[in-house]
Structures are given as C-alpha cells and as structure tokens.
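Now for the letters of each chain:
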Amino acid sequence: MGCSTAYHLARLGWTDVVLLEQGTLSCGTTWHAAGLVGLLRASESGTRLVQYSSELYAGLEAETGLSTGYRQCGGLIVARTDDRMVQLRRTAATAAAFDLDCEMLTAEQAQERWPVIAIDDLLGAIWLPQDGRANPTDLTLALAKGARSHGVRVHERVRVLGVQTADAPRGRRVTGVRTDAGDIEAEVVVNCAGQWAKALGDQVGVTVPLHSAEHFYVVTDQLEGVHADLPILRDPDGYIYVKEEVGGLVVGGFEPVAKPWVPPSEIPYPFEFQLLDEDWEHFSILMESALKRIPALEQTGIRKFYNGPESFTPDNQFLLGEAPGLAGYFVGAGFNSVGIASAGGAGRALAEWVVQGEPSMDLTSVDVRRFSPYAADETWLRSRVAEILGLHYAVPWPDREPETARDVRLSPLHERVAAAGATFGTRNGWERPLYFGPTLDYGWGKPAWLAHSAAEQVACRTAVAVFDQTSFSKYVVRGRDALATLQWVCAADVDVAVGQAVYTPWLNARGAYESDVTVTRVGAEEFLVVSSAATTVRDLAWLDEHVTEGAEVDVADRSGDLAVLGVMGPRARDLLARLTDADLTDAAFPFATSQELDLAGARVRATRMTYVGELGWELLVPSDAAVAVYDALHEGGADVGLADAGYSAIESLRLEKGFRAFGRELTPDYTPVEAGLVFATALAGAKDFLGRAALIDRRERLRAPGPRRRLVSFVADDPDAMLWGGELVLRDGEPVGQVTSAAYGATVGASVGLAYLRRDEPVTSAWLAEGGYEVDLAGERVPITATLKAPL
C-alpha cells in the first residue's frame, strides 16, 4: 500500500516523495499474503478500485521490467447450502449491475474447471473469469521501482519514531517525521504502516482502529491435476480458499472465531519476515474442510505451515483518508486480508485525495473518519477482531449486526427501551432499538421480526409512535462568522429567521454529497446542526476544514449531551398537547420550525421535522431529563395508540415516502440532480455555495444526450417478495441499475425501495411507464412498478 501510494503520487506529479521502511520492502505482513485478487466487491466503488488494481498489476512489468506475478486465472466460488446458493445468485446479479463477467455453474461444471474437487455435497457455484492472483513481494518491488523511476526516494532500514506537528489556525498540522536516521520535514505524512499503523496514530491522537489476528495457511507438495492456470477456489461454507503454487496448493481460510495476536502497542520490534508459532489445533477446522473438498490431500505432504499476523478493522473495511484534527496526516491501512487486491486502486485513490484535497470518488465505506475515538481502545478492538475475520466467509446476511464489542454508547433511555422489549443494533458505537420484539433472526426471506416492525409502522401511520433517536449527531455552530461559514458549506439557504429549520446537502467541489443535515437557526449567531449517527467525525472534520482562516466560529459536538425522542404520527399533536402549554397548531408551530418549550417538567427543543412522512416533532431533551419525558409520553399516550418503534420501521416508513439516506442514495458519487433533490438547494437563487458551479455544470450536461443516472422509487408487485437492497434492476430484461435501499412497507403492503437507473437520455415518467421493470431476487425476476414520485 505504501509503495502504491508513493507510485501514484509521483504519477500525479508529486515527485518530492520519500518512502520509509523500517526493515526491507514487504518484510512485515505483505510477504506472506496469499495474493488473491477478486474483483467483485459489495459496492460499485470498491469493485472499481480492485478492477484498477488488476489492470495496473497486469501492465506494471512492461513499465518497470519487474514481474508482478500477476495471472488472470479466474475464480470459482462453490456452495454447500441453500442459503449460500441464494448468496451466489445475488452475487451474480451484482456482477451484472457492475458490468462484470460472472456465470452460474452446476456442481458438475465447477468440477470441470477444478477437476480435483469432490462435488457430492455441492449445490452449485459461480465463475468469475476476471479474478487473478499476484506475487505480493514481486508486486511490491515493481511498484517501488515504478515510484523510483518517477523521482520517489525509497529508504529501507529507517525506522519512524514519531510524527512532528505544529499548531495551525484550527487544530494541528504535520510538519515532518522523526526517524532513527534523522528528521525529515514534510507537509504531508501518509501512514501506510500496516499492523504498526495504529501505534503510530496513537502517538499523535489519530484514531486508526485495527488489530492483528493470526492468519493461517499451508503449502502442499505437488498434486496431480494442479497446474499454473488453475482458478482460485473459494469454499466459504467450509471457510477455505485454495490456489495453485508451484504445482502444489496454498490452502488457507477464515475460521469462524479468529485468534487475535498481541495488541498493536505490543508488536515486537524488529519483526521482519517472521511467522508465529504453528497452531494445528486452531487450523484443524480449515484442514478438515480442505480434505473434504480435495480428497487427494489425504495423500499429499505439507511443505510449509504459515501463521502470519494480518490487521483487521472493526467493520471489515480498510482505512483510508485524511485524519480529522491533524491536517496533512493521511492513513492507508487495515486491509483485512484483501490488501493485495485493493492496494493498486486504494493507493491511487489515496494519492488523488492527497493531491486534490478531497476524494475523487465515493470512499465513505473506507473513510478513516467513520470511526469515533472509542474505536481506538485495544480491548474493544481485540474483542471485535475475533469476530470480524470469520465474517469473510460467513453468509452476508442482510442487516447483520455485530455480536462482539457492544454497549459502548448508550442512550439515557437504554434501560427503558430495553425493558419495553427492544432488540438493538449498533451505529458508530451507539446502541439503537431496531424493533420491539424477539432477537434478530437472519435469512433471505421475511424474518420473524418483520411482523413487529410492521405493527410499529402501522402505529406511526395511524396513531402515534415514539422513537429513541438519541444517536443523531448534534452540533452547535456559533460566532460572528457562523452564518457565513454555514452559507458556504450548506447548499440550501440557511439565512432564515430564528426558529426556522432547513434541510440541506453539504456538497463537495464536484457538486456531490458529503452529508445531508438539518440546520436550525436558534439565534442571530447560533445554529443547531443535526445529522446521522454514523457521520459525526466526518461532519465535524468537513465543517472545520471549510472554516476560513481568521473566521470567528465555534463548533461544539453536543451528540452525547442531548437525547432525541421522535414523536411521529397523526395523533402526535394530541399527545404532546397533554404535556405542554405551548400552542402546537399549524398556525403557531408550522412545519420546518423549532421552538423551546416546557414539556413534562423539562425544557426541551421541539423541531417539527419528519423522516417518516407524518405529523411529528423531534424533541431534543437534556440527557438527565430524557427518562422523565419518555415516561410522560407513555403515561399520556395510552389512549391514543402510542407505540414504541425502532429504526427498522423508520427505514420502511422513509422509503414509502421516497426519503433519501446518506451513504445509500446520497454519496460522493451523486449530486442533487441525480438524486432528484435540486429543490433542496439554493441553485435557483443567487447564493454561492461549495459545489454550486459543479452542480450547474452537472445539470446542464444531463440535459444533453449522454449517460446519466436517476433515482427512482419502486414497489414490488408481489407482496411476498422480500427485498433488502443491492438487487439488480432490469428494464425489458436488460440491466439498467441497482437498488440502493429496500424494506417491507406495511402501508403499501409490499417491499418498497429506491434505485438508481442508467440511461443515455433523461429518465422520465413516460420512459418509466413504457418499460417493464423487474428486480433480480436471487435469480428470480420480480416485477416492480417504478416511478419518479414516492409511493405515498
């Protein structure tokens, strides 16, 4: 990753680059990597990164004269269970959405491509012809040579002792590094230190949440029927992968419960080209599975047992980008055993970020700013990593929640909603009620808990529901230049009267989404910003980055100080009127306004906003008063049909109304034009804002012929079809897009969702009405009705 980043920085014209290696190149964990390059990832942006990696690796020898060992041998994934077959059919549909080659195979066809496997227990497979493998050490050396040829200086046997920093107008910035060979002044420092990256980050207060786990594989003697072009074999139900090596096989895998190595702060030095002790007992679950899949291994010798540490992150996604609070400090680490596949594309993406000052594509799923400081705790990381490694080959159930390292951040209402029967999910460390009913059951069809979520939806649509939304991010922006700062960052006009609330995008220089928030003016020079739970660190960093030098602005994170209770539904006013003397009529309290009022003995801020499309108020309550307000709502709401409700209901309710979500429909790859939200910007007025010029350009280009995408709503025609998001959308049998979000909507009585569709002309209501639309639901075509307007 370090060599790739240096190489791409130089290719972009940044040639005053020094790469430091404490040992020799590849000596840490790279040298013992398996070298698998599987192109298809869960997201389109992740897939594009690996596609670029494969192209780079294939052409690097011609540029540098050094072989990377890259061979496009194809990949075979086999299935032992019905659930796995559903996953593979969904994977094949995802490949079609991303325009990648993929073919469903029978077990017999799989054996034709991999003759030495047993197939008696297999139900089928998929074939990915563009997958490949590389030699990790050769690849590293080729990238280093390419970097040197463009002016990069590579120094081996130089250990970084620390990063030097200085105070900046807002926060700090890097000024150089200290090494055992002397100091180096630098305006940018990129931490690609692998399993050492966390310890380096800790020195300067940067959260780099990764922890090493032991990763096992064996190399066998030569085996009859094995040849250099044998595809990569993955048998995820048996937790194993297999590839050819010098006529033998590399057999490794991802066991369900991993074995974490020492904490990042205790990694020994030096640690070069070293392995850990053999642990045949721990490896046995993988070996037994390999013997079942490849019976000839019973008579084949083991040439070498490898047990090497590799670093994993809390959510199985790597860490990329500029660290919040320390300008010029970038991270590229924590690759969760996909470092070889990802390094080419990730190195380019990181270099572009360094040079351009912001990402050139959607990197939200790997952005280092997705983690709050709690994630740096080594005990917490150790617990989570034991689970994460095993998820590589676990069935990727929809809406799966982690089981380890929970209860980090609790709402003051946690005990109350738990006593009411909540089942919790987690977001940015917060425990949040998903629904009120039995524990999660995972599957591809309708889950048992859906009936409980549906009842909560009905309560919200017909009576009143209360949602604990304390996990919302909440920031107070105040000062002489608070308005000017927010007017630049917000695409909508927030120069409104005190008490007005404005829904607004935050856009980047390309006119695409960086966040979507609600801004309430609470004073002449004071504003309250409410955002999603997942984006706290990212939002604060973005806001801080765009405060002009010398501006008088103070930004305070109030996320942990205020509880939030969403009181939503047609009876919401009736309920709240029993608890306050404030006038809640439309005339006195219109939509998109906010007031402080006394409610149930507490001073709260009530904002008339909704993410479920019903009459309602979001109540921001001091944490120490939250329980009293919650209890009062329940005491006063018994005869108006009050029900507790959770985030699963919110998801369904917002999709029935066509409301978008950041990270799903609103990403750094899409602008308000594609999302259908230009009306939520000040584009029609004279106000300037970050991304305005690019947004105008995008709107004009999309009026001309050429490729474009547009977000549409849809409802499944079959009420029994359960959609989860990610499904392929077809028009008259041809792929045209992908579902971004889907859930069961109790009001419409079917799965409902949002999807981006592709077309070379504008996506119009007439074009939608003329076509026959379907989604691919694990190989089954389910008709849908697609519209520009929301179903409700």
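Undergrad: Break down the packing of helix α2 (residues 44–64) against helix α8 (residues 339–356) for me, citing the residues and quoting the values.
TA: Between α2 and α8, whose axes approach to 7 Å, the crossing angle comes to 100°. Classified by the angle between their axes, α2 and α8 sit roughly perpendicular to one another. Packed against α2, whose contacting residues are Leu-49, Val-50, Tyr-52, Ser-53, Leu-56 and Tyr-57, the element α8 presents Ile-340, Ala-341, Ser-342, Ala-343, Gly-344, Gly-345, Ala-346, Arg-348 and Ala-349 at the interface. Across the contact of α2 with α8, the residue classes break down as ten nonpolar, four polar and one charged.

Undergrad: Outline the nonpolar core, listing residues and values.
TA: By size, the foremost hydrophobic cluster in this structure holds 57 residues, and its most contacted members are Val-37, Leu-320 and Leu-363. For this core, the secondary-structure elements that each account for two or more residues are α1 (2–11), α2, β3 (75–79), α3 (82–97), β5 (124–128), α5 (136–149), α8 and β34 (728–731). Every residue in contact with Leu-320, bar those within four places of it in the chain, is listed here: Met-1, Val-331, Gly-332, Ala-346, Ala-349, Leu-350, Trp-353, Leu-363, Val-366, Asp-367 and Val-368. Membership of the second largest hydrophobic core comes to 33 residues, among which are Phe-436, Leu-599, Val-621 and Ala-632.

Undergrad: Tell me about α5, and please be specific about residues and values.
TA: Taking 1.5 Å of rise per residue, 14 residues should cover 20 Å, and α5 covers 20 Å from first to last C-alpha, within 8% of that figure. Tucked inside the fold, the buried residues of α5 contact α1, α2 and α8. For α5, the N-terminal capping position is held by Asn-135, with its side-chain oxygen 3.2 Å away from the main-chain nitrogen of Thr-137. Once α5 ends, the next one or two residues include Gly-151, with phi positive near 110°.

Undergrad: Could you give an account of the pattern of salt bridges, with specific residues and numbers?
TA: Inspection of the entire model under this criterion finds 50 salt bridges. Measuring nitrogen to oxygen at the nearest pair gives 2.7 Å for the salt bridge that ties Arg-80 to Asp-235. Taken together, the positions of Arg-80 in the loop between β3 and α3 and Asp-235 in strand β13 (residues 232–235) put the pair 155 residues apart, joining distant regions of the chain. Residues Arg-80 and Asp-235 agree in their burial class; the two are buried. Put simply, Asp-544 and Arg-170 hold a salt bridge, and the shortest N to O gap is 2.7 Å. Separated by 374 residues along the polypeptide, Asp-544 in helix α13 (residues 536–545) and Arg-170 in the loop between β8 (160–167) and β9 (172–179) bring together distant segments of the chain. Take Arg-170: its relative accessible area is 26%, and that puts it in the partly exposed class. One network of salt bridges, with partners in common, ties together Arg-80, Asp-121, Asp-235, Lys-292 and Arg-293.

Undergrad: Explain the sheet that holds strand β25 (residues 513–523) to me, and be specific about the residues and the numbers.
TA: Taken in spatial order, the five strands make up an open sheet running β24-β25-β26-β23-β27, and their pairing is antiparallel. What marks the edges here is a single partner per strand, and that holds for β24 (501–507) and β27 (554–557). Taking the axes of each pair of neighbouring strands and ignoring which way they run, one obtains an average angle of 30° across the sheet. Here β24 runs beside β25; their pairing, made up of seven bridges, is antiparallel. Within the sheet, the bridge partner assigned to Val-502 lies in β25 and is Val-519. The strands touched by α13 are β23 (473–478), β24, β25, β26 (526–531) and β27; relative to β23, the strand with the most contacts, the crossing angle is about 20°.

Undergrad: For the side chain of Asp-362, give the residues involved together with the corresponding values.
TA: Here Asp-362 is to be found in the loop between α8 and α9 (378–388). Although Asp-362 is buried, it forms no salt bridge, and the closest oppositely charged side chain is Arg-538 at an N-O distance of 6.1 Å. A distance of 2.8 Å separates the side chain of Asp-362 from the side chain of Thr-364, its partner in a polar contact. Sequence-distant contacts of Asp-362, that is, excluding residues within four places in its chain, are made with Ser-45, Thr-667, Pro-668 and Asp-669.

Undergrad: Describe the environment of Val-160, naming the residues involved and giving the relevant values.
TA: Note on placement: Val-160 falls in strand β8. A C-alpha to C-alpha distance of 6.9 Å links Val-160 and Val-177, two positions 17 residues apart in sequence.

Undergrad: Explain the sheet that holds β5 residue by residue, including any values.
TA: Spatially, the eight strands line up as an open sheet ordered β4-β5-β3-β13-β14-β15-β12-β16, and their pairing is mixed. Of all the strands in the sheet, just β4 (103–105) and β16 (302–312) have a single pairing partner and so form its edges. Looking at each pair of strands side by side, their axes are set apart by 20° on average, direction ignored. As judged from the three bridges shared by β3 and β13, these two strands associate in the parallel manner. Its bridge partner being in β13, Gly-75 is matched across the sheet by Ile-232. Sitting on the sheet, α9 touches β12 (211–220) and β16, and the angle it makes with β12 is about 30°.

Undergrad: Outline the packing of aromatic side chains, listing residues and values.
TA: For the structure shown, the criterion picks out 19 aromatic pairs. Here the aromatic rings of Phe-318 and Phe-335 are separated by 4.5 Å at their centres, their planes lie at 25°, and the arrangement is stacked. You can see Phe-318 sitting in the loop between β16 and β17 (319–322) and its partner Phe-335 sitting in the loop between β19 (329–333) and α8, a full 17 residues away along the chain. Residue placement shows Arg-113 over the ring face of Trp-127; its charged tip is 4.3 Å from the ring centre. Note that Arg-432 overlies the ring of Tyr-647, its terminal NZ or CZ placed 3.7 Å from the centroid.

Undergrad: An account of the environment of Gly-334 is needed here, citing residue identities and associated values.
TA: The residue Gly-334 is located in the loop between β19 and α8 in this model. Each C-alpha atom of the pair Gly-334 and Ser-45 lies 18 Å from the other, and the pair is 289 residues apart in sequence. Setting aside residues no more than four positions away along its own chain, Gly-334 makes contact with Leu-210, Ser-311, Thr-313, Gln-317, Phe-318 and Leu-319.

Basis of the calculations
Residues numbered from 1 in each chain as written. Predicted model: local features only at pLDDT ≥ 70, side-chain atom pairs only at ≥ 80, totals over all residues. Heavy atoms only, no water. Axes fitted to C-alpha atoms, helices over the stretch in contact; angles between N-to-C directions. Helix = DSSP H or I, 4+ residues; strand = E, 2+ residues; numbered from the N terminus. Parallel < 35°, antiparallel > 145°, perpendicular 65-115°, else oblique. Contact = heavy atoms within 4.5 Å. Nonpolar A, V, L, I, M, F, W, Y, C, P; charged D, E, K, R; others polar. Core = buried A, V, L, I, M, F, W, Y, C linked by side-chain atoms within 4.5 Å. Buried < 20%, exposed > 50% of the residue type's maximum accessible area, 1.4 Å probe, protein only. Expected span 1.5 Å × (residues − 1). Polar contact = N/O pair within 3.5 Å; in protein donor to acceptor, adjacent residues only side chain to side chain. Salt bridge = Lys/Arg side-chain N within 4 Å of Asp/Glu carboxyl O. Pairing = 2+ DSSP bridges. Lys, Arg positive; Asp, Glu negative; His and termini not counted. Phe/Tyr/Trp six-rings, centres within 6.5 Å; stacked < 30°, edge-to-face > 60°. Lys NZ or Arg CZ within 6 Å of the ring centre and 35° of its normal.

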